[in-house]
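Commentary on secondary and tertiary structure
Listed below are the residues making up each chain.
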Amino acid sequence: MRTVIIAGNWKMNTTPADAGELAREIARRTRIDGVVRILCPPFVCLDVVRAALASPEVASPAGSGVWVGAQNVHHALAGAYTGEIAAPMLVGLADWVIVGHSERRRDAGETDAQIAAKLANAWNAGIRPILCVGEVLADREAGQAEAVVQGQVRGALAGASIPSAATTSSGGPDGAAGLPWLTIAYEPVWAIGTGRNARGSDAAAMAAAIRRVLDDLGIESSTIPILYGGSVTSANIDEFLAEPAIDGALVGGASLKVDEMAGIVARAGLTAQARAAVRHGASDAPRP
Ligand code: 13P
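Predicted, not measured: the structure shown is a model, and the values here were computed from it.

Quick look at the sheet that holds strand β4 (residues 96-99)
One closed barrel accounts for 8 strands, arranged β1-β2-β3-β4-β5-β6-β7-β8; its pairing is parallel. Ignoring strand direction, the axes of neighbouring strands in this sheet form an average angle of 25°. The sheet strands contacting helix α6 (residues 112-124) are β4 and β5 (128-133), and the helix crosses β5 at an angle near 160°. Where helix α8 (residues 145-157) meets the sheet, its contacts fall on β5 and β6 (183-186), and the angle it forms with β5 comes to roughly 150°.

Description of the environment of P244
Counting through the fold element by element, P244 comes out in the loop between α10 (237-241) and β8 (248-251). Since its relative accessible area comes to 61%, P244 is described here as exposed. Distance in space between the C-alpha atoms of P244 and A204 is 7.8 Å, their sequence separation being 40 residues. Contacts of P244, omitting those with residues within four sequence positions, involve R2 and R275.

A closer look at the site of the ligand
Near the ligand lie 13 residues; those nearest to it are K11, H101, G193, S231 and G253. For the ligand, an oxygen atom lies 3.0 Å from a polar atom in the side chain of N9. In the environment of the ligand, an oxygen atom lies 2.6 Å from a nitrogen or oxygen atom belonging to the backbone of G193. Out of a free accessible area of 310 Å², the ligand has 95% covered by protein chains. For the shell around the ligand, a count of residues per class yields 4 nonpolar, 7 polar and 2 charged.

Quick look at helix α9 (residues 200-216)
Taking 1.5 Å of rise per residue, the 17 residues of α9 would be expected to cover 24 Å, and the 24 Å separating its terminal C-alpha atoms lies within 8% of that figure. Within the sequence span of α9, burial applies to G200, A203, A204, M206, A207, A209, I210, R211, V213 and L214. Where α9 terminates, the next one or two residues include G218, which has phi positive at roughly 85°.

Brief notes about the side chain of E135
Checked against the element boundaries, E135 lands in the loop between β5 and α7 (137-141). A distance of 2.8 Å separates the side chain of E135 from the side chain of Y186, its partner in a polar contact.

About the criteria used
- Residues numbered from 1 in each chain as written.
- Predicted model: local features only at pLDDT ≥ 70, side-chain atom pairs only at ≥ 80, totals over all residues.
- Heavy atoms only, no water.
- Pairing = 2+ DSSP bridges.
- Helix = DSSP H or I, 4+ residues; strand = E, 2+ residues; numbered from the N terminus.
- Axes fitted to C-alpha atoms, helices over the stretch in contact; angles between N-to-C directions.
- Contact = heavy atoms within 4.5 Å.
- Buried < 20%, exposed > 50% of the residue type's maximum accessible area, 1.4 Å probe, protein only.
- Near = heavy atom within 4 Å.
- Polar contact = N/O pair within 3.5 Å; in protein donor to acceptor, adjacent residues only side chain to side chain.
- Areas by Shrake-Rupley, 256 points an atom, 1.4 Å probe, with all protein chains shown as cover.
- Nonpolar A, V, L, I, M, F, W, Y, C, P; charged D, E, K, R; others polar.
- Expected span 1.5 Å × (residues − 1).

In C-alpha cells form, the structure reads like this:
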C-alpha cells in the first residue's frame, strides 16, 4: 500500500524568527496516524524548523512525527555556483527535497537534465525527492497536458537509479524504513496560487498517465506515491483524496495556515485509515 503524504511547501515565506513556531503549531495540530507529514521551509529556516520539531514540547514521547524537506537542491555537488545549495550540504538538515518545481523551471530555467541530476544527488545523499511535474494552461488547452507531463517524467527519470525500498536514510521522526525513495507531485501550473484547483478526476487521469510512463521506464509504478498540488485547501482536499490514484497533496499557500493544515491532515488521516481498512478487508471503514 502506498503512503499517504501531506507536504507543505512554504516557498519564500517565513524567517528564522518565526518558522520554528509555525512548525511547532502545525506539528501539534496534525498528530494523526497514517499520514506522512513533511514541512519544506526556506533553506535558512531548515535548522530552526528541525530544532523546533525536536523540542520536548512537540517531540515527546515519540517524536513530532513531522519530516523536514528542502525546496530545491543543486544539480552539481560542489563548485563555483554562487548562492546555490548542494545535496551534501542538506544532510542532517533535510530528509526530503522538492525537485523540479514549476516555479524553478520557470524562474531558474531548470532543464530535464538538471532535474535528473538533482534527483541522483538527492538519492546519493540519502534524501528523498518529491519530483514536481505539471503543464501550463496553453498545454492543457491544446490537448497536450498528458504529453507534456509524461515528457517531464521521462526527462527526469529515464535511466534513473532509484534506491531500493529497503535502503534507509538516517534521521527523521520515526526512522525512514518503508518510506518511498521517489514521490511525484502533479501540479498543473495554472492551478498554483490561483485558487483554481484541478478536478479530482483530471488529477487521477494524469496520475494514471504518469504511472504508464513509470512502468514503461521499468519503475514499479504501483509503489510510487503521486500527490496533487495546486490551490489545495481543507475545503477541496477530499476531492483529490477520493481518487485512489492520488496519495496526498503538496500544499503551498494553505500550508502556512495552521487551521488549514490541521483540516487537510485530518482528512488525509481518514483516507489513510479507509485505505488501510480496505487492504485488511474490513467493511466498516470510515469513508474519506
Ligand atoms: P498553492 O497551494 O499555493 O497553489 O501552491 C501549490 C504549490 O506550488 C506547492 O508546491
